[in-house]
Amino acid sequence: MSDKRIMVDIRGAEKDFGIVMALKGVDLTVYEGEVVLIIGPSGSGKSTLLRSINRLEALTGGQIFVDGDPLVGPEADIRKIREETGMVFQDFNLFPHKTALENISMAPMKVKGKTPEEAQAKARELLKRVGLEDREKSYPGQLSGGQKQRVAIARALAMEPKVMLFDEPTSALDPEMVKEVLDVMLDLAQEGMTMMVVSHEMGFARAAADRVVFMDEGEIVEIAPPDVIFDHAEEERTKKFLKHIL
Amino acid sequence: MAPLEKQGGTRIEVTDGALLPTRGDGRIIDSWRITIAFAILALLTLLFFAKDPYDQIFRVVIKGAPLTFGVTAGAILGSIILGLFTGLGQIARGRVLNLIAGVYVELIRGIPLLVQLIFIYFALGKFFHLNGLPAAIIALSICYGAYMGEIFRAGIQAVPKGQMEAALALGMTRGQAMRLIILPQTMKIIIPAIGNEFIAMLKDSSLVSVIALRDILRRGREHVSRTFLSLETYAVVALVYLVITLVLSKLVATMEDRMNKHE
Ligand SMILES: Nc1ncnc2c1ncn2[C@@H]1O[C@H](COP(=O)(O)OP(=O)(O)OP(=O)(O)O)[C@@H](O)[C@H]1O
Ligand SMILES: [Mg+2]
């Protein structure tokens, strides 16, 4: 791994919400093409960590580099970093007043200055890739949860990001729709996308993750490949948590 | 006052004199039907059975209707524009903008509408040499802009936070996110509230009669000073306003129901 390009470099990340310290000095390096799964109990700082990478939360200490670009400081170009990182949310956050096609083609036009033709052609291609080529005219309200999340993934991919961040992408879905979303994510992983995924889907972890990060109380407790961490975790806290969810 | 149910369970309270849309409760006899029947019957009785002097009064008074509608429509437009900037100012990240918008709202809320109207009207006349109609429209816009600002603020805050986050995560600027993502959703949320403001404004526009604009009420007052038929004239004036407002409030309610159905 070490000869690979570093995509996300988190160094001593701290986030103090005032009442709680959500991140207490997190270090994590994610390489190009790597899939990193983040697990941990509720309130352990998983979302805060992901949201710090595109500065939906501003760090109160430490630094993060995305493909070499700093997130904090005078040289930080937050919009460039946001263009380079795609984010998928638990509750989709599709734009309800826009069709599936418009949801996907909007940012490339408005942010990257693509022509409507280019953006729509790309959006159609992405819709096809997530298996929704027949739904381009549908509004989010007319789609099922699984379909919404697939459109949301396509929307993030349309910006041609270098890293994709997923915050519990299947937690709001009915069980029968989880697979269709995970399948899209698996494809993406196999195509070499760099991914950071907060999820407790163990099947996905074993199939796609290169490493699993266990967080607790704002710290990284343990990092290991999925088979190692699930079957032979070293830390007591990790074992206890895994016993809980497995 | 009954709140309007909004998306995501958020509520927008409309206060400050806005008439809430009249919605039937599904039965044949509801309060709206009784009132409109009463108003129309009373007006028809006066016009066709009592006739003199009511038909004369009606013809005089109704000539003021175009002006009443004109002032109302103009001032609604003005107050929407002002309200948009006030609402944005209230939620902006700059402290100075918050304060400017906040002081404007406090100021307007603290002075009776009639007093504001007269003051702004004379100030406009003195410093900008504006007359009659434009001055009245601007004055009402300034007064209602503050309430409209509250509606915009509530409407913007009723859009789920994830919408702004998704837009920012895609690389949009705050301005783009506001313009392309948040405000279109805000408009949909606040259209019923704006309908209510329109009705309230139509009623409050009668206040411009004190500043020499010949609206419905002014025509009535002029008629009284000519004929001394005060009770008869004001009865007609009241009935005309009542019919207009009842019809409009039904329209707003119907429009709102339609919009809810199309969700
Ligand atoms: N905006 C906020 N203001 C104050 N505290 C916050 C805020 N967001 C998160 N926190 C706190 O920070 C801590 C970490 O929260 P975070 O959402 O990152 O946890 P999580 O691991 O994603 O949990 P979950 O599994 O429930 O999503 C929690 O204690 C939470 O209450
Ligand atoms: Mg979370």
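That block above? That's the structure.
These lines cover the structure that appears in this document, whether it is placed above or below. Note that this is a predicted model, so its numbers are computed, not measured.

### Section: the overall build of chain B
- Check the secondary structure of chain B and you find ten helices and two strands.
- Helices and strands appear in chain B in the N-to-C order β-β-α-α-α-α-α-α-α-α-α-α.
- Counting across all 263 residues of chain B, residues that qualify as buried make up 47%.
- Sequence-distant contacts, at least 24 apart, represent 72% of the contacts inside chain B between residues at least 6 apart.

### Quick look at a nonpolar patch on the surface
All names here are of chain B.
- A contiguous nonpolar surface patch, about 460 Å² in accessible area, is contributed by Ile40, Leu44, Phe48 and Phe49.
- Relative to the elements of secondary structure, Ile40 occurs in helix H1 (residues 31–50).
- Residue classification places Ile40 among the partly exposed positions, given a relative accessible area of 39%.

### Points about the nonpolar core
- Formed by 75 residues in total, the largest nonpolar core has its most connected members in A:Val8, A:Ile10, A:Ile38, A:Ile53 and A:Met196.
- The element best represented in this core is helix H8 (residues 174–204) of chain B, accounting for twelve residues.
- Sequence-distant contacts of A:Met196, defined by excluding residues within four places in its chain, comprise A:Val8, A:Ile10, A:Leu28, A:Val30, A:Val36, A:Ile38, A:Leu50, A:Ile53, A:Met164, A:Leu165 and A:Phe166.
- Counting residues in each nonpolar core, the second largest holds 50 residues, with A:Leu94, A:Val181, A:Phe204 and A:Phe241 among its members.

### Points about the pattern of salt bridges
All names here are of chain A.
- All told, the structure shown has 27 salt bridges over all chains when counted by the stated rule.
- In this structure, Lys80 engages Glu84 in a salt bridge whose closest nitrogen and oxygen atoms are separated by 3.4 Å. Here Glu84 and Lys80 lie together in helix H2 (residues 78–84), a separation of four residues that amounts to about one turn.
- Here Arg237 makes a salt bridge to Glu219, at a shortest N to O gap of 3.8 Å. Remark: Glu219 occurs in strand E10 (residues 219–224) and Arg237 occurs in helix H9 (residues 236–245); sequence separation between them is 18 residues.
- Overlapping salt bridges, with partners in common, bring together Arg5, Asp67, Asp69, Lys80, Glu84 and Lys162 in one network.

### Section: the packing of helix H3 (residues 65–91) of chain B against helix H6 (residues 132–158) of chain B
All names here are of chain B.
- Relative to each other, H3 and H6 sit at 45 degrees, their axes nearing to 4 Å. In terms of orientation, H3 and H6 fall into the oblique class. Seen along the crossing, H3 lies across H6 with a hand that is right-handed.
- The class makeup of the residues in the contact of H3 with H6 is 17 nonpolar, twelve polar and two charged.

### Quick notes on the sheet that holds strand E9 (residues 211–216) of chain A
All names here are of chain A.
- Reading across from one edge, E6-E7-E8-E3-E9-E10 is the order of the six strands in this open sheet, with mixed pairing throughout. Each edge of the sheet is formed by a strand with only one pairing partner; in this case those strands are strand E6 (85–88) and E10. Strand-to-strand twist in this sheet, taken as the mean axis angle between neighbours without regard to direction, amounts to 20 degrees.
- Direction of pairing for strand E7 (residues 163–167) relative to strand E8 (residues 194–198): parallel, over a ladder of five bridges. Pairing of Leu165 across the sheet is with Met196, part of E8.

### Focus: the packing of aromatic side chains
- Taken as a whole and judged by the stated rule, the model has three aromatic pairs over all chains.
- When the centroid spacing of 5.2 Å and the interplanar angle of 80 degrees are considered together, the rings of B:Tyr121 and B:Phe122 count as edge-to-face.
- Given a relative accessible area of 52%, B:Phe122 falls into the exposed group.
- An angle of 85 degrees between the planes, with centres 6.2 Å apart, marks the rings of B:Tyr144 and B:Tyr147 as edge-to-face. Taken together, the residues span about one helical turn, with B:Tyr144 and B:Tyr147 both in helix H6 at a distance of three residues. B:Tyr147 matches B:Tyr144 in its accessibility class, with the two residues each being buried.
- Directly above the ring of A:Phe95 sits A:Arg155, whose terminal nitrogen or CZ lies 4.5 Å from the centroid.
- The ring of B:Trp32 carries B:Lys250 above its face, with NZ or CZ at 4.6 Å from the centroid.

### Focus: helix H5 (residues 145–157) of chain A
- Across its 13 residues, H5(A) extends 18 Å between first and last C-alpha, which sits within 8% of the 18 Å expected from 1.5 Å per residue.
- Within H5(A), twelve of the 13 residues are buried, leaving the element largely enclosed by the surrounding structure.
- For H5(A), the set of buried residues is A:Gly145, A:Gly146, A:Gln147, A:Gln149, A:Arg150, A:Val151, A:Ala152, A:Ile153, A:Ala154, A:Arg155, A:Ala156 and A:Leu157.
- Contacts made by the buried residues of H5(A) are with E6, helix H3 (100–110), helix H4 (116–129), E7 and helix H6 (175–190) of chain A together with helix H7 (161–169) of chain B.

The rules behind each value
- Residues numbered from 1 in each chain as written.
- Chains lettered and ligands numbered in written order.
- Predicted model: local features only at pLDDT ≥ 70, side-chain atom pairs only at ≥ 80, totals over all residues.
- Heavy atoms only, no water.
- Helix = DSSP H or I, 4+ residues; strand = E, 2+ residues; numbered from the N terminus.
- Buried < 20%, exposed > 50% of the residue type's maximum accessible area, 1.4 Å probe, protein only.
- Contact = heavy atoms within 4.5 Å.
- Patch = residues over 30% accessible without salt bridge, like charges linked within 9 Å, V, L, I, M, F, W, Y side chains within 5 Å.
- Areas by Shrake-Rupley, 256 points an atom, 1.4 Å probe, with all protein chains shown as cover.
- Salt bridge = Lys/Arg side-chain N within 4 Å of Asp/Glu carboxyl O.
- Core = buried A, V, L, I, M, F, W, Y, C linked by side-chain atoms within 4.5 Å.
- Axes fitted to C-alpha atoms, helices over the stretch in contact; angles between N-to-C directions.
- Parallel < 35°, antiparallel > 145°, perpendicular 65-115°, else oblique.
- Left-handed = near helix turned anticlockwise from the far one by under 90°.
- Nonpolar A, V, L, I, M, F, W, Y, C, P; charged D, E, K, R; others polar.
- Pairing = 2+ DSSP bridges.
- Phe/Tyr/Trp six-rings, centres within 6.5 Å; stacked < 30°, edge-to-face > 60°.
- Lys NZ or Arg CZ within 6 Å of the ring centre and 35° of its normal.
- Expected span 1.5 Å × (residues − 1).

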